[in-house]
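# Analysis of the macromolecular model
Next come the chains, spelled out residue by residue.
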There are 2 protein chains.
Amino acid sequence: MPRRDTRSAIIDAAVTVLGRDGPDAFSAAALAREVGVSKATLFHHFPSIGEIPTAAFERMIADSLAIDMPLDASLADTIELLGHGSAELVRARREFFRAYFVLMARAMFDDRLRIQLQASGDALLERLRTLLAPKLASGEDAAAFARLIAIQLDGSAIHRMAFGNDGEIDAAWRLLVELARQKGRTE
Amino acid sequence: MPRRDTRSAIIDAAVTVLGRDGPDAFSAAALAREVGVSKATLFHHFPSIGEIPTAAFERMIADSLAIDMPLDASLADTIELLGHGSAELVRARREFFRAYFVLMARAMFDDRLRIQLQASGDALLERLRTLLAPKLASGEDAAAFARLIAIQLDGSAIHRMAFGNDGEIDAAWRLLVELARQKGRTE
């Protein structure tokens, strides 16, 4: 495999192993086995095993925001599309989201991982801010909107994964969309 | 120790061990050591080690909703108080919340734990629904409001624990409160 493809295959395998087998099974040996390469090849591409989950997480962020978004969508429409897109992603790629929450739970006990995840979280917030800012009235705080939506995205995904009850979670999203729509009407 | 006090001490110690030492350290031996009792005493109070985290989690829920709430608070005021109360709890009891998210992450790989957590989650949603329903106009969906707030409570606590940036998370809560207040003005 060319060098870039191997790196990419390692990241994909990290998402799979973390999501499918849980936090305890994530090791260089398990990862090398999943990719079908030696541990030496693994450490040729990543200086330490600790770098790999964050690289995997950064790919998740890029994928999860690659939602088709019409340029003229209102704030409420944008929130609605983000809600639908993320619900669909959780349904289609459960392993991918399990891996994300495994990393979040681990970050609470691991300062280095927390700093890496923080950088990835900041990238997600920046993309949301860029998406939402043009839909807001002047003086409205785009960073606060981006954070509110990011919290809702993460919180709903966790509720879907840990509790189920997708119908109720969808209803909560519709309510947030309705609140954003009513805000527009008071302006 | 009287029987009830020992049970209570075991639950407290479970919250401590899960929060302080992380998911890998939670075992009957570690728990018995923390309480200062034998493993036999532990299993005298709980039929299996698997029951203990959920009992601990149910105590967390009861504690986290024990926020002083004036009877005449509006919907927006109630959401504001819940936001302040939960931010304060995360600051004051980080271990307690780490333990909660450790359990949530584990539930994604453990069906029995997921069913137990679901029951605890339903109890939280029911308490939120009871709190919010009297503040809503007729025809508004109290279950959807309760779920929206529960998602925001869990999502913000996770963002506080995994990412930090408390100032931004507080701003997102103020925005949600403002959206609820503007909703009142369109009615």
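For every chain, the first residue of the written sequence is number 1, and numbering continues from 1 along that sequence. Both sets of labels track the order of writing: A upward for chains, 1 upward for ligands. Restriction of local features to residues with pLDDT of at least 70 applies here, the model being predicted, together with a cutoff of 80 or more for giving and counting side-chain atom pairs; totals for whole chains, interfaces and linings are based on all residues.

What follows concerns the overall build of chain A. Under the DSSP-based scheme used, a helix requires at least four consecutive residues in state H or I and a strand at least two consecutive residues in state E, with every element numbered from the N terminus. Tallying secondary structure elements over chain A gives nine helices and zero strands in all. Each helix (α) and strand (β) of chain A, taken in turn from the N terminus, gives the series α-α-α-α-α-α-α-α-α. Across its three principal directions, the C-alpha atoms of chain A cover 60 × 35 × 30 Å. Residues counted as buried form 39% of the 187 residues belonging to chain A. Nonlocal contacts in chain A, meaning residues at least 24 apart in sequence, comprise 61% of its contacts between residues at least 6 apart. Put plainly, a residue is buried at 20 or more neighbouring C-beta atoms within 10 Å of its own, exposed at 12 or fewer, and partly exposed in between, counting only other residues' C-beta atoms, which are placed from the backbone. Here the contact rule is simple: place C-beta atoms from the backbone, and any two residues whose C-beta atoms are within 7 Å are in contact.

Once chain A has been moved 0.0 Å along the axis and rotated by 180 degrees, it coincides with chain B to within an RMSD of 0.0 Å. Classification of the inter-copy transformation places it as that of a two-fold axis. Within chain A, the C-alpha atom positioned nearest to the axis of rotation is that of Gly-155 of chain A, 2.1 Å from it. Mapped onto chain B, 100% of the interface residues of chain A again fall at the interface, so both copies present the same surface. Each copy is superposed on the other by least squares, with the fit set by C-alpha atoms of residues at a pLDDT of at least 70 in both.

All names here are of chain A. Each domain of chain A was delimited in the assignment, giving domain 1 (3–53) and domain 2 (61–186). Facing nine residues of domain 1, the contacting portion of domain 2 comprises nine residues. Of the residues in the side of domain 1 that touches domain 2, the class split is four nonpolar, four polar and one charged. What marks off one domain from the next here is an automatic or database domain assignment. Gly is placed with the polar residues, together with every amino acid not listed as nonpolar (Ala, Val, Leu, Ile, Met, Phe, Trp, Tyr, Cys and Pro) or charged (Asp, Glu, Lys and Arg).

The next thing to look at is the environment of Ala-162 of chain A. By the element assignment, Ala-162 of chain A lies in helix H8 (residues 142–162). Once the C-alpha coordinates of Ala-162 of chain A and Arg-98 of chain A are considered, the two residues, 64 residues apart in sequence, prove to be 9.6 Å apart. Excluding its chain neighbours within four sequence positions, the residues that come into contact with Ala-162 of chain A are Met-104, Ala-107, Met-108, Arg-114 and Leu-117 of chain B.

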